[in-house]
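Per-entry structural report
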Amino acid sequence: MLIGKPSLALVKLGAVATLSLAIAACAYNESLGRNQLLIVDDSALIQQSNAAWQETLRTQKVSTNAAQNERVRRVGDRIVRAAGLTDRSWDYAVFTDTSPNAFVLPSGQIGVTTGLLDLVQNDDQLATVIGHEIAHVVARHAAERYSTQSVAGLAIGAGQSLAGGHAQAVGALGSLGAQLGVLLPFSRSHELEADRLGVDYLARAGYRPGESIKLWQTMAAQRQGSRPEFASTHPSDQSRISALQDYIASRGWN
């Protein structure tokens, strides 16, 4: 055996070990109708989410506008009930920020910016955004993404340790391949899943699903510049709108 070159047996062993870990960690998500790779403990994610929420409250300007906060709470509560997440208490906050944005943490917190409240034309569109973010929680996308990244990291690390002097090159190529071939496309898949689930929740909560199309069209019109879809963690605006249009039509909500 030549020093510095990994044997085929060792390479296969590393691949088998990584694959075995992935298979052992698969779990079925009924809401998504598919298996997920989950190797992270929910309690750890919740602990991190609680810490992130407290840090956000400490470092960002929180709006004291009573009407804005009540609106977010009212719409958020309806979506939470529709998604079946009343098993935990929920906190809400409106952050003074001109960027239209929102987020939901697995530990039960919903944040919305004043920029988003200025952008949405009605509560149906606000419910679209909150429903989308709530869907990420139901779908356990945070845990799945963490798990996917961890397994990809293990595979790359195994390759580096077996590659000897070529470890740096293997690591760079492996990371790029994992990003473009696994992690980024998976994130686009997550976004489209969250769109579909979110529309289900807003319809169940009594909001108009068709307003979700109008919201994404407005977002697309205001967005400045874009990355190619193949190198982005989000689907292109047109891909998202087309997928939503097809899904809403399939449910007879037009």
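Here is a short report on the structure shown in this document. (Residues numbered from 1 in each chain as written. Predicted model: local features only at pLDDT ≥ 70, side-chain atom pairs only at ≥ 80, totals over all residues. Heavy atoms only, no water.)

Examining the overall build of the protein chain
Just so we agree on the cut-off: Starting at the N terminus, helices and strands are each numbered in turn, a helix being any DSSP run of H or I of at least four residues and a strand any DSSP run of E of at least two. Between buried and exposed lies partly exposed: a residue is buried under 20% and exposed over 50% of the maximum accessible area for its type, with that area taken using a 1.4 Å probe on protein chains only. The criterion used for residue contact is that any of the two residues' heavy atoms lie within 4.5 Å.
Assigned secondary structure in the protein chain consists of nine helices and five strands. Listed N to C, the secondary structure of the protein chain is α-β-β-α-α-β-β-β-α-α-α-α-α-α in terms of helices and strands. Within the protein chain, the fraction of its 254 residues that count as buried is 43%. In the protein chain, the proportion of contacts linking residues at least 24 apart, taken out of those at least 6 apart, comes to 69%.

A word on the packing of aromatic side chains
The criterion, for reference: The aromatic pairing rule takes the rings of Phe, Tyr and Trp, using the six-membered ring of Trp, and pairs them if the centres are within 6.5 Å, calling planes under 30 degrees apart stacked, those over 60 edge-to-face and the rest tilted. Our definition puts a charge over a ring when NZ of Lys or CZ of Arg is within 6 Å of the ring centre and also within 35 degrees of the ring normal.
Per the counting criterion, the structure on display carries four aromatic pairs. Seen in terms of ring centroids, Y247 and W253 are 6.4 Å apart; in terms of plane orientation they differ by 80°. Their pairing is edge-to-face. Of the residues examined, W253 reaches a relative accessible area of 26% and is grouped as partly exposed. Aromatic rings pair up to connect W53, F95 and F103 into one cluster. We note R78 situated over the ring of Y207; from NZ or CZ to the ring centre the distance is 4.0 Å.

Describing the nonpolar core
Going by this rule: Think of a nonpolar core as a cluster: buried Ala, Val, Leu, Ile, Met, Phe, Trp, Tyr and Cys residues, connected wherever their side-chain atoms sit within 4.5 Å.
Ranked by size, the top nonpolar core spans 41 residues in total, and within it I79, I110, I134 and Y201 carry the most contacts. Discounting chain neighbours no more than four positions away, the residues touching I110 are W53, V80, W90, D91, Y92, A93, F103, V104, I130 and I134.

Comments concerning the pairing of strand 4 (residues 102-105)
Note the threshold: At least two bridges found by DSSP between two strands is the condition for calling them paired.
In terms of strand pairing, strand 4 meets strand 5 (residues 109-113) through four bridges, oriented antiparallel. Opposite L105, over in strand 5, you have Q109 as the bridge partner. Counting the residues that bridge the hairpin from strand 4 to strand 5 gives three residues, and of these G108 lies at a positive phi of roughly 105°.

Side note on the packing of helix 3 (residues 66-83) against helix 5 (residues 123-138)
Cut-off, in case you're wondering: Helix axes are fitted to C-alpha atoms over the stretch in contact, other axes to C-alpha atoms as well, and angles between N-to-C directions run from 0 to 180 degrees. Convention used here: angles under 35 degrees read as roughly parallel, angles over 145 as roughly antiparallel, angles from 65 to 115 as roughly perpendicular, and any remaining angle as oblique. Crossings are assigned a handedness: left-handed for a near helix turned anticlockwise from the far helix by less than a right angle, right-handed for a clockwise turn.
With their axes 9 Å apart at the nearest point, helix 3 and helix 5 run at an angle of 50° to one another. Taken together, the axes of helix 3 and helix 5 lie oblique to each other. The two elements helix 3 and helix 5 meet at a crossing, and its hand is right-handed. Where helix 3 approaches helix 5, its residues R71, V72, R74, V75, G76, I79, V80 and A83 are matched on the opposing element by D123, L126, A127, I130, G131, I134 and V138.

Brief notes about the sheet that holds strand 4
On the basis of which strands lie adjacent, the open sheet formed by three strands has the order 3-5-4 and mixed pairing. Two strands close off the open sheet at either side, each with one partner strand: strand 3 (91-95) and strand 4. The mean inter-strand angle of the sheet, taken between neighbouring strand axes irrespective of direction, is 15°. Relative to strand 3, helix 2 (residues 42-59) is tilted by about 35°, and along the sheet it contacts strand 3, strand 4 and strand 5. The strands that helix 3 touches are strand 3 and strand 5; relative to strand 3, the one it contacts most, it runs at about 135°.

As for the environment of D42
Within the secondary structure, D42 sits in helix 2. On the basis of relative accessible area, D42 is assigned to the partly exposed category, the value being 36%. Linking D42 and P106, residues 64 residues apart in sequence, is a C-alpha distance of 8.7 Å.

Some words on the pattern of salt bridges
The condition is simple: The salt bridge definition used is simple: a Lys or Arg side-chain nitrogen within 4 Å of an Asp or Glu carboxyl oxygen.
Overall, the coordinates contain nine salt bridges when judged by the stated rule. Of the charged contacts in the structure, one is a salt bridge between E55 and R58, with a shortest N-O distance of 2.7 Å. Placement of both E55 and R58 in helix 2 is noted, with a separation of three residues, approximately one turn of the helix. Between D200 and R251 there is a salt bridge whose closest N-O contact spans 2.8 Å. Linking D200 in helix 7 (residues 167-204) with R251 in the segment after helix 9 (237-250), this pair joins segments that are 51 residues apart in sequence. If you follow the salt bridges from partner to partner, you end up with R71, R74 and D123 in one network.

Notes on the packing of helix 5 against helix 8 (residues 210-222)
Going by this rule: Under this grouping Gly is polar, as are all residues other than the nonpolar Ala, Val, Leu, Ile, Met, Phe, Trp, Tyr, Cys and Pro and the charged Asp, Glu, Lys and Arg.
Where helix 5 contacts helix 8, the axes come no closer than 8 Å and their chain directions differ by 80°. Classified by the interaxial angle, the pair formed by helix 5 and helix 8 is roughly perpendicular. Within the contact between the two elements, helix 5 uses D124, Q125, T128 and V129 and helix 8 uses E211, S212, K214, L215 and W216. Here the residues of the contact of helix 5 with helix 8 sort into three nonpolar, three polar and three charged.

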